[in-house]
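Structural overview
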Amino acid sequence: VIFNKRKMNSNSSSASSSNFDRASYTEQQQTQVLPSRSGFVIEEVNSENEAEFGSVASGSPIAMAAATESMIPNLFTTLPPIRDFLDTGSSQIQDQTIQECLPFLAGIEEDVKTNAYGVPNLDRKRHIHFLHKTLARLPAGYVAADASRPWMFYWALNGLRTMGEEISDYRERVISTISPIQNSTGGFGGGNGQASHLAPTYAIILSLALVGGKEALEVIDRKAMWKWLGALKQKDGSFQMSVGGEVDMRGAYCATVIISLLDLPLELPKDSSAWSPEHTSFLSGLPEWVARCQTFEGGFSSRPDAEAHGAYAFCALGCLCIIGDPHVVIPKYLDVPRLISWLSARQYAPEGGFSGRTNKLVDGCYSHWVGGCWPLLEACLEGPSSPTTSNTNLSNSIYSREGLIRYILCCCQDQSKRGGLRDKPSHSSDSYHTCYVLAGLSSAQHKWRFNLSESKSEQVENLTSAYQWTSEVMTEEPQIFDEEDRVKTLHPVFVIPEGVAEETRAYFASKGGF
Ligand code: FPP
Ligand code: K
């Protein structure tokens, strides 16, 4: 079979400047790809070469690659062994992305120091500084992002808490920013004078929970919120993002998060256009609608019959894990083997990170949107823990935590003075990526356990399933990061620090009614 379009650059013992060539994939069985700063060259692997490889002057890129070789599995420093040869725009930018990531993964990027595992340390100080800056005065260009302002402070506050930073100094500012953007008809807009929308409302409620305290939580008009959610609920079970706006999976997730955290009644307001004698609850038709969004690939689309994407997969699983216990509700509504297949295909080698959809590129933010699906799915497969079954049913991870951690620490950190985390090395850091890359790092560093509730009947009525999660340090797999780089645990459904969702819900539950 002839796949070669160009002559392969073979038997080069010096660090050639030629970049990896698509044709060389055919030689994968016999060759090894050695990283150099200027690209990747194919070397024939034989004992002679190995001897030569060892004798390269120390300090050269190849010698450095040799030094780190033992700590970095070949999976993350060599080209993928299997691929198809259809040459398209997508395959070309995929190849470019591999070229872009390999020097970082191999630990040969200039000015990047690596630790004993061959990964850089988490540059916590710089990332914290970066997020504080995003909470200060922003450049004029950010006017265009005005409707996303609540997201900006949720990402920054959540990222800071994930890195163990105290944020209570921001409480007063959060309260004074948020109060005027609540609408009397329920919910919050993105900014002053804007119509209520589920996305900023979700970000605002999480932010209020993050800063915590009675004064912050009392900003929310829960009765108006309940009424407004009634106006968003659709007859087919789904939710619109704003009154008269689009229906999508974000709506299903944001609405269930809000109902659950604020302990709102599940009963649909009678004046909701979705109300009927058979359709009296916010949950009516909701899991069935979520199920309709699982695509032929096994992932989830924004609404029925669209393309599967990681962000919607997390929203779908998160929504279901609020409705019920993962081992009950996920298999009841979803095709689990197909979901595992699609989710597994999101993790790439050598990059180690996740893509959001088929034939697209890795991006640090999917460390959460895709990575965050794994704990929910693992809990579904392993079943609940109870005092009698604890520790007996834990299996090893069904994704490569090592790959994800390597991608995050090697490729997603801005190592310059700027700090912050990013999509991939060629992209700039921002607060969105900083928040979700850190969330992904947290979930890769920890194991989540779903605990059996004592009272089965209570949970369906009161949505208690999401409050039965506890975290543990990962012990089943070798740890490839320094202990000082461990970040805080984030609740696997609500994506705020462990304990915060529980406190918020308890605060509203103790009030009893509006
Ligand atoms: C594609 O972008 C991205 C989407 C279609 C969905 C993005 C949505 C989220 C990240 C969050 C939704 C969740 C909530 C809770 C509001 P792209 O084409 O730029 O990226 P890609 O090439 O990686 O697919
Ligand atoms: K993108």
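Residues numbered from 1 in each chain as written. Chains lettered and ligands numbered in written order. Predicted model: local features only at pLDDT ≥ 70, side-chain atom pairs only at ≥ 80, totals over all residues. Heavy atoms only, no water.

The secondary structure content of the chain amounts to 20 helices and four strands. Among the 514 residues that make up the chain, the fraction classed as buried is 57%. Long-range pairs, those at least 24 residues apart, make up 69% of the contacts in the chain between residues at least 6 apart in sequence. Total accessible area on the chain stands at roughly 21,200 Å², and carbon and sulfur atoms take up 52% of it. (Helix = DSSP H or I, 4+ residues; strand = E, 2+ residues; numbered from the N terminus. Buried < 20%, exposed > 50% of the residue type's maximum accessible area, 1.4 Å probe, protein only. Contact = heavy atoms within 4.5 Å. Areas by Shrake-Rupley, 256 points an atom, 1.4 Å probe, with all protein chains shown as cover.)

Before going further, it helps to examine the site of ligand 1. Around ligand 1 sit Trp151, Arg250, Tyr253, His309, Ala311, Tyr312, Cys315, Arg357, Lys360, Tyr366, Trp369 and Tyr432, and that is every residue in its neighbourhood. Contact distances for ligand 1 include 3.1 Å between an oxygen atom and a side-chain N or O atom of His309. At 2.5 Å from an oxygen atom of ligand 1 is found a side-chain nitrogen or oxygen belonging to Arg357. When isolated, ligand 1 has an accessible area of 640 Å², and the protein chains bury 70% of it. Residue assignment for the shell around ligand 1 shows that the elements contributing at least two residues are α10 (249-261), α12 (310-323) and α15 (366-369). By residue number, the principal contributor to the shell around ligand 1 is α12, which donates three residues. Looking at the shell around ligand 1 residue by residue, the classes come out as eight nonpolar, one polar and three charged. (Near = heavy atom within 4 Å. Polar contact = N/O pair within 3.5 Å; in protein donor to acceptor, adjacent residues only side chain to side chain. Nonpolar A, V, L, I, M, F, W, Y, C, P; charged D, E, K, R; others polar.)

Further remarks concern unusual backbone geometry. In the segment running from Ala349 into Pro350, the intervening peptide bond is cis, with an omega of 10 degrees. For Pro350, the location among the structural elements is in the loop between α14 (336-344) and α15. Despite not being glycine, Asp263 shows a phi value in the positive range, around 50 degrees. When you line up the elements, Asp263 lands in the loop between α10 and α11 (286-292). Asp263 gets classed as partly exposed once you look at its relative accessible area, which sits at 24%. Even without glycine at this site, Asp305 takes up a positive phi of about 70 degrees. Tracing the sequence through the fold places Asp305 in the loop between α11 and α12. Residue Asp305 is classed as exposed on the basis of its relative accessible area of 80%.

An α-helical segment advances 3.6 residues per turn. Residues three or four places apart therefore align on the same side. When the terminal C-alpha atoms of helix α7 (residues 198-211) are compared, their 20 Å separation across 14 residues agrees well with the 20 Å that a helix rising 1.5 Å per residue should span. After α7 finishes, the residue Gly212 shows a positive phi value of roughly 70 degrees. (Expected span 1.5 Å × (residues − 1).)

For the rest of this paragraph, the subject is α10. For α10, which comprises 13 residues, the first-to-last C-alpha distance of 18 Å matches the rise-based estimate of 18 Å (1.5 Å per residue) to within 8%. In terms of burial, α10 is a largely internal element, 12 of the 13 residues being buried. Along α10, the residues that are buried comprise Met249, Gly251, Ala252, Tyr253, Cys254, Ala255, Thr256, Val257, Ile258, Ile259, Ser260 and Leu261. The inward-facing, buried residues of α10 abut α7, α9 (222-232), α11, α12 and α20 (500-511). Asp263 sits one or two positions beyond α10 and adopts a positive phi of about 50 degrees.

Tallied over the full model, the rule gives 17 aromatic pairs. Centroid distance Trp151 to Tyr202: 5.6 Å. Interplanar angle 50 degrees. Geometry classified as tilted. On the criterion of sequence distance, the pair formed by Trp151 in helix α5 (residues 149-162) and Tyr202 in helix α7 is long-range, its members being 51 residues apart. Residue classification places Tyr202 among the buried positions, given a relative accessible area of 4%. Taken together, the ring pairs connect Trp151, Tyr154, Trp155, Tyr202, Tyr253, Phe314, Trp369, Tyr432 and Tyr436 into an aromatic cluster. (Phe/Tyr/Trp six-rings, centres within 6.5 Å; stacked < 30°, edge-to-face > 60°.)

Should pLDDT be low for a region, the predicted coordinates there are not to be read in detail. With 83% of its residues at a pLDDT of 70 or more, the chain shows a mean pLDDT of 87. With pLDDT under 50 throughout, residues 1-63 is counted as low confidence; its partners more than four residues away or in other chains account for 116 contacts. Reported confidences for the modelled complex are a pTM of 0.88 and an ipTM of 0.96. (pLDDT = per-residue confidence, 0-100.)

Burial analysis of strand β3 (residues 446-450) places five of its five residues in the buried class, which makes it a mostly covered element. Taken together, the five bridges between β3 and strand β4 (residues 469-473) define a ladder with antiparallel strand orientation. Note that in β4 the partner of Trp448 across the bridge is Ser471. (Pairing = 2+ DSSP bridges.)

In a soluble, globular protein the nonpolar side chains are often hidden away together inside. In terms of nonpolar packing, the biggest core is built from 135 residues, with Tyr154, Leu198, Met225, Leu229, Val290 and Phe494 touching the most fellow members. Contacts of Met225, omitting those with residues within four sequence positions, involve Gly186, Gly187, Phe188, Thr201, Ile205, Ile220, Ile258, Leu262 and Leu264. (Core = buried A, V, L, I, M, F, W, Y, C linked by side-chain atoms within 4.5 Å.)

A few words now on the pattern of salt bridges. The final tally for this structure, using the stated rule, is 17 salt bridges. Between Asp123 and Arg126 there is a salt bridge, with the nearest N and O atoms lying 3.5 Å from each other. We note a salt bridge from Arg418 to Asp414, for which the minimum N-O separation is 4.0 Å. Members of the salt-bridge network, linked through shared partners, are Glu378, Glu382, Arg401 and Lys447. (Salt bridge = Lys/Arg side-chain N within 4 Å of Asp/Glu carboxyl O.)

Our next topic: the environment of Trp151. What makes Trp151 buried here is its relative accessible area of 16%. Taking C-alpha positions, Trp151 is 28 Å from Asp236, a pair spaced 85 residues apart along the chain. Trp151 has contacts with Ala199, Pro200, Tyr202, Ala203 and Tyr436, leaving out every residue within four places of it along the chain.

This part covers the packing of helix α6 (residues 171-178) against α7. Packing of α6 against α7 leaves a shortest axis separation of 10 Å and a crossing angle of 150 degrees. Taken together, the axes of α6 and α7 are roughly antiparallel relative to one another. Note that α6 runs across α7; the crossing there is left-handed. The segment α6 lies against α7, with Arg171, Val174 and Ile178 engaging Ile204, Ser207, Leu208 and Val211. Of the residues assigned to the contact of α6 with α7, the class counts are five nonpolar, one polar and one charged. (Axes fitted to C-alpha atoms, helices over the stretch in contact; angles between N-to-C directions. Parallel < 35°, antiparallel > 145°, perpendicular 65-115°, else oblique. Left-handed = near helix turned anticlockwise from the far one by under 90°.)

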